[in-house]
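Overview (structure and organization)
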Amino acid sequence: MLEIKYEYTGEILKFNQFWLRDHCRCSECYNEVTKQRKYNLLDLPDDIAVKDWHSTEDGKLLKVKWNDGHCSEYELDFLYNSQVDKIVLLNDLRTPWRLSEILAKENDLKFKFTHVVSSDVCVKNLVKVLVQYGIVFIQQVPANTTMTEMAVRRIFPIMKTFFGEMFTFSDAPDHSDTAYSKDYLGSHTDNTYFCDAAGLQVLHCLQHLNGTGGENFFVDGLNAAYELKRSHPGYFDILTKVHVPAEYIEAGQHHKHSAPLICTDPVRGDIVQLRLNVYDRAVFNTLPQREMPKFYESFRKFLQIVQDPVNKWCLKLQPGTIVIFDNWRIYHGRHSYTGHRTMTGCYIQRTDFMSKARVLGIID
């Protein structure tokens, strides 16, 4: 290990020498234009080691000479910020909420359509709020699919699935999905049967004629998971480990995927993704029968938290208002309704959501 004092904080930084060489940013090792490494890792000697090193007087640079004759130069800020305990992750920026807390922030979640399409500052603020609370609204949008798509593409590219890019649905059963009905839909996330579920979901009610009901509701799954972890850590641990299969079947389609209800980062333990859809569950065959009682006990306790009224924000989506929410965090549902209702919407890939947040300097 190479130990170096970081003058700005006084900390002693410790670096594995192979890692340090692997992060050389000289022109031989790194293409500054494409931001890609230029060498095969096996090109480095097995016994690579620092022969000599020194930091500059201003404490900004580390200069290293290696035992194979190669020379490297590093910015110490880069080395400092590259350590696992220094990275600012998404989890550090998210604010969990219950109903009372999100209602107090409701105005912060709303953005005007004309501002979104004309202002980069507005777009950045919208993405920042979306990262923080997991849900935003774009208001005063003409109630049609074309203008909905315009608003979304101003911020993110649209994800294509077997539902299409922009999808429009009403009471007609175009797909084998409960969403294409008038029935009650409990709190859930979409695409649990996909290997990589959509990162964001967009919904816009275009019309609701001659009927009542259809109120949408949203629950912060992050807050629910934290509450379970505080009150029943054993249940939380089970739901982060047991894989729950999900499945979607219709003519020409058969999607299947299995993962925990609460997915965590393997290094830091942060909650990365919430998966919850009681409707799309496949045959539960990933656990021995003797372990089923504890799982169902854990699952039911979590559902009690999710369905607690103090955690559920219920509102009626009106024509002209787009809602965008984090499908890896926010559970959504819908009350049953009468009459004729038409919705339009789309999905956005998680990678495109995170990319936008990084480009705008919101996350690392």
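The rules we used
- Residues numbered from 1 in each chain as written.
- Predicted model: local features only at pLDDT ≥ 70, side-chain atom pairs only at ≥ 80, totals over all residues.
- Heavy atoms only, no water.
- UniProt positions renumbered as here; feature names shortened; annotations may be inferred.
- Helix = DSSP H or I, 4+ residues; strand = E, 2+ residues; numbered from the N terminus.
- Buried < 20%, exposed > 50% of the residue type's maximum accessible area, 1.4 Å probe, protein only.
- 1 Å grid on protein atoms, 1.4 Å probe; cavity = no way out; pocket = protein on both sides within 12 Å on 5 of 7 lines; lining within 4 Å.
- Points joined across faces, edges and corners; volume = space filled by probe spheres on them.
- Domains from an automatic or database assignment.
- Pairing = 2+ DSSP bridges.
- Axes fitted to C-alpha atoms, helices over the stretch in contact; angles between N-to-C directions.
- Core = buried A, V, L, I, M, F, W, Y, C linked by side-chain atoms within 4.5 Å.
- Contact = heavy atoms within 4.5 Å.
- Polar contact = N/O pair within 3.5 Å; in protein donor to acceptor, adjacent residues only side chain to side chain.

Looking at an unreviewed UniProt entry, the protein carries the name Trimethyllysine dioxygenase, mitochondrial, with the source organism given as Glossina palpalis gambiensis. One UniProt comment on the protein, placed under Catalytic activity (unreviewed entry), says "N(6),N(6),N(6)-trimethyl-L-lysine + 2-oxoglutarate + O2 = (3S)-3-hydroxy-N(6),N(6),N(6)-trimethyl-L-lysine + succinate + CO2". Listed in UniProt under the heading Sequence similarities (unreviewed entry), the comment for the protein reads: "Belongs to the gamma-BBH/TMLD family."

1. A word on unusual backbone geometry
Located in the positive-phi region is Asn191, a residue other than glycine, with phi close to 65 degrees. Residue position: Asn191 is located in the loop between β11 (185-188) and β12 (200-209). Even without being a glycine, Asn210 presents a positive backbone phi close to 55 degrees. Along the chain, Asn210 turns up in the loop between β12 and β13 (216-220). Taking relative accessible area as the criterion, Asn210 reaches 77% and is therefore assigned exposed.

2. Concerning empty space enclosed by the protein
Summed over all chains, the structure comprises two cavities of 30 Å³ or more. Taken as a whole, the largest cavity encloses approximately 50 Å³ of empty space. Taken together, Thr192, Val244, Pro245, Ala246, Leu261, Arg275, Leu276, Asn277, Arg281 and Phe299 make up the full set of residues lining the largest cavity. By residue number, the principal contributor to the lining of the largest cavity is strand β14 (residues 244-250), which donates three residues.

3. Focus: the domain arrangement of the protein
As assigned here, the protein comprises domain 1 (2-89) and domain 2 (99-360). Computed from C-alpha coordinates alone, the two centres of domain 1 and domain 2 are separated by 41 Å.

4. Focus: the sheet that holds strand β7 (residues 71-75)
An order of β5-β6-β7 is seen for the three strands of this open sheet, with the pairing classed as antiparallel. Only two strands of the sheet have a single neighbouring strand rather than two, namely β5 (50-55) and β7. Neighbouring strand axes in the sheet, compared pairwise and without regard to direction, differ in orientation by 20 degrees on average. Sheet analysis places β5 next to strand β6 (residues 61-66), joined by five bridges and oriented antiparallel. Pairing of Asp52 across the sheet is with Lys65, part of β6.

5. Some remarks on the nonpolar core
Looking at soluble globular proteins, one finds that nonpolar side chains tend to be buried together. Formed by 59 residues in total, the largest nonpolar core has its most connected members in Val127, Ile135, Ile138, Ile155 and Ile324. Ranked by the residues each element gives to this core, the list is headed by helix α5 (residues 120-133), at eight residues. Those residues in contact with Ile138, other than ones at most four positions away along the chain, are Phe111, Lys112, Phe113, Val116, Leu126, Ala151, Ile155, Gly320, Thr321, Ile322 and Ile324. By size, the runner-up hydrophobic cluster in this structure holds 26 residues, among which are Ile238, Leu276, Met292 and Phe295.

6. Looking at the environment of Ser72
With respect to the helices, strands and loops of the structure, Ser72 is situated in strand β7. Note: C-alpha distance between Ser72 and Trp53 (19 residues apart in sequence) is 9.4 Å. Not counting chain neighbours up to four residues away, the residues in contact with Ser72 comprise Arg21, Cys24, Leu62, Lys63, Val64 and Trp66. Of the polar contacts made by the side chain of Ser72, one reaches the side chain of Trp66; its length is 2.9 Å.

7. Here's the deal with the UniProt feature "domain: Gamma-butyrobetaine hydroxylase-like N-terminal" (unreviewed entry) in the protein
In the UniProt entry, the feature "domain: Gamma-butyrobetaine hydroxylase-like N-terminal" (unreviewed entry) is given for residues 2-80. Annotated as 14% helix and 39% strand, the span residues 2-80 places its first and last C-alpha atoms 13 Å apart.

8. Things to note about the environment of Leu99
Counting through the fold element by element, Leu99 comes out in helix α3 (residues 99-104). C-alpha separation for the pair Leu99 and Phe78, spaced 21 residues apart in sequence, amounts to 41 Å. Setting aside residues up to four positions removed in sequence, Leu99 forms contacts with Pro309, Val310, Asn311, Lys312 and Trp313.

9. Thoughts on the sheet that holds β13
Strand order in the open sheet made by the four strands is β11-β20-β13-β18, with antiparallel pairing throughout. At either end of the open sheet lies a strand with only one pairing partner, and these are β11 and β18 (312-315). Between one strand axis and the next, the sheet turns through 15 degrees on average, direction left out of account. Relative to strand β20 (residues 330-334), β11 runs antiparallel, the two being bridged by two bridges. Bridging from a neighbouring strand, Leu185 pairs with Arg334 of β20.

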